[in-house]
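# Descriptive structure summary
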Amino acid sequence: MALNVLITGGARGIGEGIVKQLTAAGHNVAFCGRKDAPEFHEQAAKIAAAATVQCRYYQCDVSKPEDRSNLIASFVRDFGSLDVLVNNAGVAPEVRADLLDMGPESFDRVMGINLRGPFFLTQLAAKEMMKAPKEKFRCIVNIGSVSADYASINRGEYCLSKAAIAMSTKLFAVRLADEGICVYEIRPGVIKTDMTGTVSAKYDKMIAEGLTLQRRWGYPEDIGKAVAALVSGAFGYSTGQVVNVDGGLSILRF
């Protein structure tokens, strides 16, 4: 059954991979980004035409309360109902600074987009989803990171934001269980995107030396396939769970 899905930060990288997989599965999708750029609206139109589904782009800075409210209102106006929210929008620090040198501006920027945005957007989305019958499948998927567990002292604000998303997933899973709304977290490992572009040589070497059990980079479509599986309802009795998509990186071994 086609669902109406809202994906934050879906114009490129992991978000784009999620958009492609969900539209290919026949779902109606909207994605958003901070820029109101014509090319993103064109991108949505091309996806809609190719997959014969609805696809729209909205401008939204998830760190801003008014943008979050406008996003949900616009989505419901255009699609009729909200069935799935994928909290994917996220940023890395603009400067990878030592933990002792991290500034409050960088901390606030990362937390605003990576934590405050998805937390309060989930509040709005959940209240909208609760208008549907409990029998209808609805879910929220948070895109976290292995950085919730792996400490990187030159991007501590990012690690903190993803650790907090892990707890946010649990909190909303508990709160929304009686409403029939599932909440999941997907934790990507080392994924080939713009965010990892500046350290690609470092990770090429580490992967070749066995950082991951599967000796390759992860790709946005790997995350998109995992989201599609959750959205399908196949894991309807697994709310609050974490799905690692990391090539075996998180397995402890000697």
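Just above sits the structure.
Bear in mind that the values here come from a model prediction, so they are computed numbers and not experimental data. (Residues numbered from 1 in each chain as written. Predicted model: local features only at pLDDT ≥ 70, side-chain atom pairs only at ≥ 80, totals over all residues. Heavy atoms only, no water.)

On to the overall build of the chain. Within the chain, the regular secondary structure consists of seven helices and seven strands. Counting from the amino terminus, the chain carries its helices and strands in the arrangement β-α-β-α-β-α-β-α-β-α-β-α-α-β. For the chain, the C-alpha radius of gyration of 18 Å lies close to 18 Å, the compact-globule estimate for 254 residues. A principal-axis box enclosing the C-alpha atoms of the chain has dimensions of 50 × 40 × 35 Å. Every one of the 254 residues in the chain was classed for burial, and the buried ones make up 51%. Expressed as a percentage of contacts within the chain between residues at least 6 apart in sequence, the contacts between residues at least 24 apart total 73%. Within the structure as shown, the chain displays about 12400 Å² of accessible surface, and the carbon and sulfur contribution to it stands at 56%. With 29 positive and 27 negative side-chain charges, the chain shows a spacing of 3 Å between the two charge centroids. (Helix = DSSP H or I, 4+ residues; strand = E, 2+ residues; numbered from the N terminus. Rg over C-alpha atoms; globule rule 2.2 N^0.38 Å. Buried < 20%, exposed > 50% of the residue type's maximum accessible area, 1.4 Å probe, protein only. Contact = heavy atoms within 4.5 Å. Areas by Shrake-Rupley, 256 points an atom, 1.4 Å probe, with all protein chains shown as cover. Lys, Arg positive; Asp, Glu negative; His and termini not counted. Charge placed at Lys NZ, Arg CZ, Asp CG, Glu CD.)

Next up on the list: the sheet that holds strand E5 (residues 138-143). The seven strands lie next to each other as E3-E2-E1-E4-E5-E6-E7, forming an open sheet whose pairing is parallel. Strands with a single pairing partner mark the edges of an open sheet, and in this sheet they are strand E3 (55-59) and strand E7 (242-245). The mean angle between the axes of side-by-side strands here comes to 20°, regardless of whether they run parallel or antiparallel. Sheet topology places strand E6 (residues 181-188) next to E7; four bridges connect them, and they run parallel. (Pairing = 2+ DSSP bridges. Axes fitted to C-alpha atoms, helices over the stretch in contact; angles between N-to-C directions.)

Moving on, we come to the pattern of salt bridges. Counted under the stated rule, the structure contains 12 salt bridges. One salt bridge connects Arg56 with Asp78, and the closest N-O pair in it is separated by 3.9 Å. Separated by 22 residues along the polypeptide, Arg56 in strand E3 and Asp78 in helix H3 (residues 65-79) bring together distant segments of the chain. A salt bridge links Glu185 to Arg187, with the shortest nitrogen-to-oxygen separation between them at 2.8 Å. With relative accessibility at 12%, the residue Arg187 sits in the buried group. (Salt bridge = Lys/Arg side-chain N within 4 Å of Asp/Glu carboxyl O.)

Attention now moves to the packing of aromatic side chains. Enumeration according to the criterion identifies six aromatic pairs in this entry. A centroid spacing of 5.1 Å and a plane angle of 80° characterise the contact between Phe119 and Phe120, whose relative ring orientation is edge-to-face. Between Phe119 and Phe172 the ring centres are 5.1 Å apart and the planes differ by 55°, which places this aromatic pair in the tilted class. Taken together, the positions of Phe119 in helix H4 (residues 104-129) and Phe172 in helix H5 (residues 156-176) put the pair 53 residues apart, joining distant regions of the chain. For Phe119, a relative accessible area of 25% gives the class partly exposed. A relative accessible area of 10% means that Phe172 is categorised as buried. Members of the aromatic cluster, joined through ring pairs, are Phe31, Phe40 and Tyr57. Over the ring of Trp217 we find Lys192, and its NZ or CZ is 4.1 Å from the ring centre. Between the NZ or CZ atom of Lys202 and the centre of the ring of Tyr203, over which it lies, the distance is 5.2 Å. (Phe/Tyr/Trp six-rings, centres within 6.5 Å; stacked < 30°, edge-to-face > 60°. Lys NZ or Arg CZ within 6 Å of the ring centre and 35° of its normal.)

To continue, consider the side chain of Ser161. By secondary structure assignment, the location of Ser161 is in helix H5. What Ser161 contacts, discounting residues up to four positions off in sequence, is Val110, Met111 and Asn114.

Turning next to the environment of Lys131. Locating Lys131 in the fold gives a position in the loop between H4 and E5. With 48 residues separating them in the primary sequence, Lys131 and Glu179 have C-alpha atoms 9.8 Å apart. One polar contact links Lys131 to Glu128, side chain to side chain, over a distance of 3.1 Å. (Polar contact = N/O pair within 3.5 Å; in protein donor to acceptor, adjacent residues only side chain to side chain.)

Counting through the fold element by element, Ala132 comes out in the loop between H4 and E5. Of the residues examined, Ala132 reaches a relative accessible area of 23% and is grouped as partly exposed. In this structure the C-alpha to C-alpha distance between Ala132 and Arg34, which are 98 residues apart in sequence, comes to 29 Å.

A word on the side chain of Thr8. Mapped onto the elements, Thr8 comes out in strand E1 (residues 4-8). For Thr8, a relative accessible area of 2% gives the class buried. At 2.9 Å, the side chain of Thr8 and the backbone nitrogen of Asn88 are in polar contact. Within the structure, the side chain of Thr8 is placed 2.9 Å from the backbone nitrogen of Ala89, a separation counted as a polar contact. Those residues within four positions of Thr8 in sequence are excluded, and the remaining contacts are Cys32, Val62, Val86, Asn87, Asn88, Ala89 and Leu121.

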